[in-house]
Amino acid sequence: MARAIWSGSINFGLVNIPIKLVTAIREKDLKFNQLHAKDGSRIKYKKVCAKDGDEVPNDEIVKGYEVTPGQYVTLTDDELEAADPKRTRTVEIEDFVDQVQIDPMYYDKPYFLVPDKNAHKAYRLLLEALVETDKVGLARMVMHDKEHLVAIRARDGALVMETMYFHDELVPVSSLQEDLEADIAPADKRQVALAQQLIESLSAEFEPKKYKDHHRERVQDIIGKKAAGKKITVETASAPAGRTADLLVALEASLAKAKKAQKKGK
């Protein structure tokens, strides 16, 4: 049985569904410790005052927000707690929207929602209703003393909840106009046609298992060999391929390469 990291209930209308929150991802980043090269001991960090260089004990450390360069407003734990969202164990669905209306940029981190005791019937009701309507429930919840906007949707017979970014947290495209050069002339139609052909020749069904973290695998292989006492030979990285100045030539060459790879695959 999966370990719950949060428990509460989903509310929509007058329907209440007790649920448990289960993590939906297992991050596999390799984590390294910093060691002293001379003796292999762990490196420790001390909290020191930038002014006098002395180490500062935890009971003398306060939270400060920089309002102007070098000027801070300090806040006590009590003051911060007063601003905390009301602690609640409910996921209150406010709206149901079409999945296609939500830009993927809003999504942050996924979790599974599983029914708590005696909640399977109500859970199944919401699950099947979301499948039939192809809708996503938008809700608010408090987790880790922070209010979150979340999306609840159906996936493979389970409810998935994804924390979301608020609208004012996304960088607007309008702020990039100088970099995007919006006034540049439209792309050449022949080049667009070739680019479309290239996209079609490289199109395939999405197979998640096909995409692996090759860098992590290579690092793990090196770690395994070194742990076994084997010597590692570092190969010189090959120079990156030169960039073709002529877009048309690059597209034609890319298309020819893709077609050749397709014939070889067949």
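Data block above holds the structure.
Every value quoted in this text rests on a predicted model; they were computed, and no experiment measured them. (Residues numbered from 1 in each chain as written. Predicted model: local features only at pLDDT ≥ 70, side-chain atom pairs only at ≥ 80, totals over all residues. Heavy atoms only, no water.)

A. Quick peek at the overall build of the protein chain. The number of helices and strands found in the protein chain is six helices and nine strands. Taken over C-alpha atoms, the radius of gyration comes to 27 Å for the protein chain, far larger than the 18 Å a tight globule of 266 residues would show. Dimensions of the protein chain along its principal axes, counting C-alpha atoms only, are 65 × 65 × 50 Å. The buried share among the 266 residues of the protein chain stands at 20%. For the protein chain, the separation between the mean place of its 42 positive charges and that of its 44 negative charges on side chains is 11 Å. (Helix = DSSP H or I, 4+ residues; strand = E, 2+ residues; numbered from the N terminus. Rg over C-alpha atoms; globule rule 2.2 N^0.38 Å. Buried < 20%, exposed > 50% of the residue type's maximum accessible area, 1.4 Å probe, protein only. Lys, Arg positive; Asp, Glu negative; His and termini not counted. Charge placed at Lys NZ, Arg CZ, Asp CG, Glu CD.)

B. Representation of helix α4 (residues 189–201). Here α4 is 13 residues long and its end C-alpha atoms lie 18 Å apart, about the 18 Å a rise of 1.5 Å per residue gives. Taken together, the buried positions of α4 are L194, L198 and S201. For α4, the buried positions fall inside an angular range of 65° around the axis, keeping them on one side. Exposed and facing more than 90 degrees away from the buried side of α4 are K189, I199 and E200. Among the residues of α4, the N-terminal cap falls to D188, whose side-chain oxygen and the backbone nitrogen of R190 are separated by 3.0 Å. (Expected span 1.5 Å × (residues − 1). Arc of directions from axis to C-beta. Polar contact = N/O pair within 3.5 Å; in protein donor to acceptor, adjacent residues only side chain to side chain.)

C. View of the pattern of salt bridges. One pass over the structure, following the stated rule, counts 10 salt bridges. Notably, a salt bridge pairs R140 with E94, separated by 2.8 Å at the nearest N-O pair. Residue R140 is located in strand β7 (residues 135–143), and its partner E94 is located in strand β5 (residues 90–98); the two are separated by 46 residues in the primary sequence. Classification of R140 by relative accessible area gives partly exposed; the value is 33%. With its nearest N and O atoms 3.5 Å apart, the salt bridge here joins D156 to R155. Linked by salt bridges that have partners in common, E94, R140 and E147 make up one network. (Salt bridge = Lys/Arg side-chain N within 4 Å of Asp/Glu carboxyl O.)

D. A look at the pairing of strand β6 (residues 107–115). Judged from the five bridges that link them, strand β2 (residues 15–23) and β6 form a sheet pairing that is antiparallel. Bridge assignment links K20 to a residue of β6, and that residue is V114. In this sheet, strand β9 (residues 158–164) lies alongside β6 in antiparallel orientation, the contact comprising five bridges. When the bridges of β9 are listed, P110 appears paired with E162. (Pairing = 2+ DSSP bridges.)

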